[in-house]
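# A structural walkthrough
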Amino acid sequence: FPVSMFLNTLTPKFYVALTGTSSLISGLILIFEWWYFRKYGTSFIEQVSVSHLRPLLGGVDSSSPSNSNASNGEADSSRQSVSECKVWRNPLNLFRGAEYNRYTWVTGREPLTYYDMNLSAQDHQTFFTCDSDHLRPADAIMQKAWRERNPQARISAAHEALELEEIRSSKESSNLHFTTISTMKLNLSLTLTLQLCATAYILLAEEEATTIMEAERLFKQALKAGEGCYRRSQQLQHHGTQYEAQHRRDTNVLVYIKRRLAMCSRKLGRTREAVKMMRDLMKEFPLLSMFNIHENLLESLLELQNYADVQAVLAKYDDISLPKSATICYTAALLKARAVSDKFSPEAASRRGLSTAEMNAVEAIHRAVEFNPHVPKYLLEMKSLILPPEHILKRGDSEAIAYAFFHLQHWKRVEGALNLLHCTWEGTFRMIPYPLEKGHLFYPYPICTETADRELLPTVFHEVSVYPKKELPFFILFTAGLCSFTAMLALLTHQFPELMGVFAKAFLSTLFAPLNFIMEKVESILPSSLWHQLTRI
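Per chain, residue numbering runs from 1 following the sequence as it is written. Local features are withheld for residues below a pLDDT of 70 in this predicted model, meaning they are given only at 70 or higher, and side-chain atom pairs are given and counted only at 80 or more; totals for whole chains, interfaces and linings count all residues. Calculated side-chain values reflect all of the structure's heavy atoms, with hydrogen atoms and water omitted.

### Quick word on the overall build of the protein chain
Our working definition: Secondary structure elements follow DSSP: runs of H or I no shorter than four residues count as helices, runs of E no shorter than two count as strands, and numbering proceeds from the N terminus. For each residue, the accessible area found with a 1.4 Å probe, counting protein chains only, is set against the maximum for its type, and the residue is called buried under 20%, exposed over 50%, and partly exposed in between. Should any heavy atoms of two residues lie within 4.5 Å, those residues are counted as being in contact.
Scanning the protein chain from N- to C-terminus turns up 26 helices and 2 strands. Classification of the 537 residues of the protein chain by burial places 43% in the buried group. Put simply, 72% of the contacts in the protein chain that link residues at least 6 apart link residues at least 24 apart.

Okay, structure coming up:
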């Protein structure tokens, strides 16, 4: 038979070349599949099969109503995932010049991603600009500065705006001197001209200042300018939509300056002063919740170990109608753990069971872990911390880093709190075996967090935490097994060519034995003349 003749003509070199080539190709496929999975979180072969081959094979019928309903459901889930994956401004974000840039100077690494800095630029344009900025030269310059990508160009623009206002103020003061205007009016005029530079001082404090003390000095100058501008726009806000927009912008500027000044005081060790500034700010502007000043307040109160006031703040903001955060959930868990952690023992608890207070503490920890399951590894120092980004994704790795960066010291200060967390946090996952489909106390865990966190965090030197942990796709395991098997065959064939040739011929003969049997039966049934004609065809 021709198959037998073909097998008999094959030499051991052919089998070495065959197995070696197969091993090389499968190895290349394995490397590509692994790289694609690490970068995009899915298998390339599986994605191509589902996206392209399945429709060609008739796996999707767009005319059926059930599929139409399914597509509507997918659209609803996608809209929900988009809302869940909204990024938020980090209320405890560091200073670029005094902290982020100093890290870059020391390590040579960029702690902020382009996506994160672009979001900050959009925030600055939203908070610090309005439609009437083109009417005032300094504000027009700053409007362009917030859109500038180059940090040095932004700083130069801020200095240009300040110089322009100094020239204007000197001209107006000279005119007022020659027209014998009183000193009171002169001071008022200087206030009105210098008030336009508040945003320029903000930019310099954020990006040019290399120390917190220097940033605080610039923010105090910005505060003087911002307060005058706020008072003036407050009087004119009802004169039209343009004045109303100016007042809204001036309010945002003033709140931002005061919050950053409070953060400067906190960083410089004047924590009680920082707490007072934050409380006054929250009383003066109770409706501006977008800055999440209460999270700054919670961190400062924990530093003072004023746990009664921390509980009072939580009672106001840990409400079912208000959005949650890792700071809210884990601070509530810390307070409940504090009541029992110093005497907690896993062995004693397993013998006698958990008391009511211990059960409350464990439930609070489970609640916090369900909201953000990435935090415990940072608090327990199972994963290294990096500088927090300027924006965070709630329930994501970025929020976990931002929380642990500032609150790890508070957990360490409470005796036994980290031990209680270590003993109980993994029990959360038994209550939510399918976190992407159904949650226990919160909505199902959003599936988009990994993608957003990879944009917010510097993946060059930080491995993004993924939840739930993804299993390796089938095709990676398959190609790994195929590569290993063919490599082993190539090695054995190279070492024992004669013996492996015998095994290969025996295997192929066994493989083709059913085909030979069928062909013999066909030859015995069909007339020889007909079979001869078919073979000729």
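### A word on the packing of helix H14 (residues 293–303) against helix H15 (residues 307–317)
Using the following cut-off: Lines fitted to C-alpha atoms define the axes here, with helix axes fitted over just the stretch in contact, and angles between the N-to-C directions of these axes take values from 0 to 180 degrees. Relative orientations are named as follows: roughly parallel for angles under 35 degrees, roughly antiparallel for angles over 145 degrees, roughly perpendicular for angles from 65 to 115 degrees, and oblique for any other angle. Handedness of a helix crossing follows the sense of rotation of the near helix relative to the far helix, less than a right angle counterclockwise being left-handed and clockwise being right-handed.
For the pair H14 and H15, interaxial distance at closest approach is 8 Å and the crossing angle is 160°. Taken together, the axis directions place H14 and H15 in an arrangement best described as roughly antiparallel. As H14 packs across H15, the resulting crossing turns out to be left-handed. The segment H14 lies against H15, with His294, Leu297, Leu298, Leu301 and Leu302 engaging Tyr307, Asp309, Val310, Val313, Leu314 and Tyr317.

### Some words on helix H23 (residues 449–456)
Note the threshold: For this quantity, the arc is that covered by the directions from the helix axis to the C-beta atoms.
All buried positions along H23 are accounted for by Thr449, Glu450, Ala452, Asp453 and Leu456. Here the buried residues of H23 occupy an arc of 165° about the axis, which is enough to place them on one side. Its buried side turned inward, H23 meets strand E1 (87–89), helix H6 (114–128), strand E2 (391–393) and helix H20 (397–413).

### A few points about the pattern of salt bridges
Using the following cut-off: Here a salt bridge means any side-chain nitrogen of Lys or Arg lying within 4 Å of a carboxyl oxygen belonging to Asp or Glu.
Within this structure, the stated rule accounts for 21 salt bridges. Between Arg260 and Glu206 there is a salt bridge, and its shortest N-O distance comes to 2.8 Å. Here Arg260, found in helix H12 (residues 241–267), pairs with Glu206, found in helix H10 (residues 198–208); they are 54 residues apart in sequence, far enough to count as distant. For the pair Arg260 and Glu206, one class covers both residues: buried. The shortest N-O distance in the salt bridge between Glu216 and Arg270 comes to 2.2 Å.

### Structural notes on the packing of H12 against helix H13 (residues 271–284)
Definition in use: When residues are grouped by polarity, Ala, Val, Leu, Ile, Met, Phe, Trp, Tyr, Cys and Pro land in nonpolar, Asp, Glu, Lys and Arg in charged, and all others, Gly among them, in polar.
For the pair H12 and H13, the least separation of the axes is 7 Å and the interaxial angle reads 160°. With respect to H13, the axis of H12 lies roughly antiparallel. For the pair H12 and H13, the sense of crossing is left-handed. Mapping the contact onto sequence places Val255, Lys258, Arg259, Leu261, Ala262, Ser265 and Arg266 in H12 and Thr271, Glu273, Ala274, Met277, Met278, Leu281 and Glu284 in H13. By residue class, the composition of the contact of H12 with H13 is 7 nonpolar, 2 polar and 5 charged.

### Focus: the nonpolar core
So the rule is basically this: Only buried residues count toward a nonpolar core, which is a set of Ala, Val, Leu, Ile, Met, Phe, Trp, Tyr and Cys residues joined through side-chain atoms within 4.5 Å.
Judged by nonpolar contacts, the single largest core of 94 residues is most densely connected at Ile202, Phe219, Tyr330, Leu379 and Trp411. At 9 residues, helix H16 (residues 326–338) tops the list of elements feeding residues into this core.

### Here's the deal with H16
Spelled out, the test is: To estimate how far a helix should reach, multiply one less than its number of residues by 1.5 Å.
Compared with an ideal rise of 1.5 Å per residue, which puts 13 residues at 18 Å, H16 spans 18 Å between its outermost C-alpha atoms and is within 8% of the ideal. Of all 13 residues that make up H16, 11 are buried, and the element is covered over most of its length. If you follow the buried residues of H16, they end up packed against H14, H15, helix H18 (356–371), helix H19 (375–379), H20 and helix H21 (417–424).

### Some remarks on the packing of aromatic side chains
The criterion, for reference: Only centres within 6.5 Å qualify two rings of Phe, Tyr or Trp (six-membered ring in Trp) as a pair; their planes then separate them into stacked at under 30 degrees, edge-to-face at over 60, and tilted for everything else. Our definition puts a charge over a ring when NZ of Lys or CZ of Arg is within 6 Å of the ring centre and also within 35 degrees of the ring normal.
As enumerated under the stated definition, the model contains 10 aromatic pairs in all. Judged by centre distance (5.9 Å) and plane angle (75°), the ring pair of Tyr230 and Phe285 falls under edge-to-face. Of this pair, Tyr230 sits in helix H11 (residues 212–236) while Phe285 sits in the loop between H13 and H14; the two residues are 55 residues apart in sequence, bridging distant segments of the chain. For the pair Tyr230 and Phe285, one class covers both residues: buried. Over the ring of Phe95 we find Arg260, and its NZ or CZ is 4.0 Å from the ring centre.

### Some words on unusual backbone geometry
If you check the backbone angles, Gln305 has positive phi at about 55° while not being a glycine. Mapped onto the secondary structure, Gln305 falls in the loop between H14 and H15. Look at Arg395: it is not a glycine, yet its phi comes out positive at around 75°. By the secondary structure assignment, Arg395 is in the loop between E2 and H20. In this structure Arg395 comes out as buried when scored by relative accessible area, which is 9%.

### Describing a nonpolar patch on the surface
What counts here: Like-charged residues are merged into a patch within 9 Å and nonpolar side chains (Val, Leu, Ile, Met, Phe, Trp, Tyr) within 5 Å, provided each residue has over 30% relative accessible area and no salt bridge. Where accessible areas are quoted, they stem from the Shrake-Rupley method and a 1.4 Å probe; at the residue level, only the protein chains shown are allowed to cover.
A contiguous nonpolar surface patch, about 600 Å² in accessible area, is contributed by Phe485, Met488, Leu492, Phe496, Leu499 and Phe503. Looking at the nonpolar patch, the elements with two or more residues in it are helix H24 (474–495) and helix H25 (497–525). Among the elements that take part in the nonpolar patch, H24 stands out by supplying 3 residues, more than any other. Among the secondary structure elements, Leu499 is positioned in helix H25.

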